[in-house]
Amino acid sequence: MQLTDTSTLVTGAGSGLGLATATELRRRGALVVIVDLPSSDGEHVAKELGARFVAGDVTDTKQLEHALDAAEEAGPVRAVVHCAGRGGDRVRIINRDRTPGSLESFEEVISVNLLGTYNVLRLAAQRMAGNTELLDGDRGAMVLTSSVAAFDGQIGQTSYTASKAAVHGMTLVAARDLAGWAIRVNTIAPGVFDTPMLGRLRQDIRDGLASSVPHPKRLGAPADYGRLAADMLENGYLNGQTIRLDGAIRMAPR
């Protein structure tokens, strides 16, 4: 898929991985609509990039449809990168006094990270299925976001790991399901990345995480994610894959 002048949608692009992806897509000539919460920096970011901002929550169908409508004003939506999500709650299954973990907290993480992903997947696929096929055979392509926690979940990450493992699990199914519509679906599973979510940690903890990466010994840069996401959209033979982007790290139990 050629990204130049292609209408694309990037969720969670007010900061972090989504911002880096929107930046890379604009660099490659794509027409980008940024979707993020009203409280995000999405509007400012969009002005800086020459993109368009639409405030929206990915778990809200009407708001997401509004964002897709906005993207279609620039042409058929052919590319979607879904970065919106939230961190885990670090809740143990049972506490030291045997109190069970909060079900409400678990549900909230699942709602944003899993149901939000499925909402983006189904609504974007509906639009892409109506596109004419390009010369390379694609009607559209999507990149979802999982995490290395899907494979190496740490203690206290039950909800986050469950949500991200489910995104990995649905990737091949979605690719097979949408193959008849010529829509590709792939997923990136980032490792420890220098994003606002990680920025809340103390510097010594951040340094420790960086040193635990086999090579290169640094935190992942959001631009690393953005470049891979754009490459996955462009590579017409890449489909149904979850790619770990993690410097070969394998997370310890805690």
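Keep in mind the model is a prediction, meaning the values are calculated, not measured.

How do you make sense of the overall build of the chain when you look at a structure like this?
On a plain count of helices and strands, the chain comes out with 9 helices and 7 strands. Over its C-alpha trace the chain gives a radius of gyration of 18 Å, about what one expects of a compact globule, namely 18 Å for 254 residues. Scored against the burial criterion, the 254 residues of the chain give a buried share of 51%. Counting only contacts in the chain whose residues sit at least 6 apart along the sequence, the fraction spanning at least 24 positions is 70%.

Whenever I open this one, the environment of Glu 43 confuses me. Can you help?
The residue Glu 43 is located in helix α2 (residues 42–49) in this model. On a C-alpha basis, the gap between Glu 43 and Ala 149 in space is 31 Å, while along the polypeptide they are 106 residues apart.

I would appreciate a short explanation of the pattern of salt bridges in the present structure.
Oppositely charged side chains can pair when the atoms bearing their charge come close. Under the criterion given, the structure shown has 17 salt bridges. The shortest N-O distance in the salt bridge between Arg 227 and Asp 224 comes to 2.7 Å. Pair noted here: Arg 227 and Asp 224 are both in helix α9 (residues 222–234), with a separation of 3 residues, about one helical turn.

What is the right way to look at the nonpolar core in this model?
Soluble globular proteins: nonpolar side chains tend toward being buried together. In this structure, Leu 9, Val 80, Leu 121, Met 142, Leu 178, Ile 183 and Val 185 are the most contacted members of the largest nonpolar core, which totals 31 residues. Among the elements of the structure, β2 (31–36), α3 (61–72), β4 (77–82), α4 (103–128), β5 (140–145), α6 (158–178) and β6 (183–190) are those that each provide at least two residues to this core. With 8 residues, the top contributor of residues to this core is α4. Here Leu 178 is in contact with Leu 121, Ala 125, Met 142, Ile 183 and Val 185, once residues within four sequence places are set aside.

Looking at this model, I keep getting lost on the packing of helix α1 (residues 16–27) against α9. Mind explaining?
Two numbers describe a pair of packed helices, the interaxial angle and the distance between the axes. Two numbers describe how α1 lies on α9: the axes approach to 8 Å, and their chain directions differ by 55°. One element, α1, and the other, α9, form an angle in the oblique class. Considering how the two elements wind past one another, α1 and α9 form a crossing that is right-handed. The residues of α9 that touch α1, namely those facing Gly 16, Leu 17, Ala 20, Thr 21, Glu 24 and Leu 25, are Pro 222, Ala 223, Tyr 225, Gly 226, Arg 227, Ala 229, Ala 230 and Leu 233. Residues of the contact of α1 with α9, tallied by class, amount to 9 nonpolar, 3 polar and 2 charged.

How should α1 be read in this particular structure?
The periodicity of an α-helix, 3.6 residues per turn, causes residues three or four positions apart to be oriented the same way. With 12 residues, α1 should reach 16 Å at 1.5 Å per residue; the first-to-last C-alpha distance of 17 Å fits that figure. All of the buried residues in α1 are Gly 16, Leu 17, Gly 18, Ala 20, Thr 21, Ala 22, Glu 24 and Leu 25. Phi turns positive one or two residues past the end of α1, at Gly 29, with a value near 95°.

What is the right way to look at the packing of α4 against α6 in this model?
Where α4 contacts α6, the two axes come as close as 8 Å, and the packing angle between them is 15°. Relative to α6, the element α4 lies roughly parallel. As α4 packs across α6, the resulting crossing turns out to be right-handed. Residues Phe 106, Val 109, Ile 110, Asn 113, Leu 114, Thr 117, Tyr 118, Leu 121 and Ala 125 of α4 pack against Thr 158, Ser 159, Tyr 160, Ala 162, Ser 163, Lys 164, Ala 166, Val 167, Met 170, Ala 174 and Leu 178 of α6. Here the contact of α4 with α6 is composed, by residue class, of 14 nonpolar, 5 polar and 1 charged.

Cut-offs and rules
Residues numbered from 1 in each chain as written. Predicted model: local features only at pLDDT ≥ 70, side-chain atom pairs only at ≥ 80, totals over all residues. Heavy atoms only, no water. Helix = DSSP H or I, 4+ residues; strand = E, 2+ residues; numbered from the N terminus. Rg over C-alpha atoms; globule rule 2.2 N^0.38 Å. Buried < 20%, exposed > 50% of the residue type's maximum accessible area, 1.4 Å probe, protein only. Contact = heavy atoms within 4.5 Å. Salt bridge = Lys/Arg side-chain N within 4 Å of Asp/Glu carboxyl O. Core = buried A, V, L, I, M, F, W, Y, C linked by side-chain atoms within 4.5 Å. Axes fitted to C-alpha atoms, helices over the stretch in contact; angles between N-to-C directions. Parallel < 35°, antiparallel > 145°, perpendicular 65-115°, else oblique. Left-handed = near helix turned anticlockwise from the far one by under 90°. Nonpolar A, V, L, I, M, F, W, Y, C, P; charged D, E, K, R; others polar. Expected span 1.5 Å × (residues − 1).

Treat this as a map of the structure, not an account of what it does.
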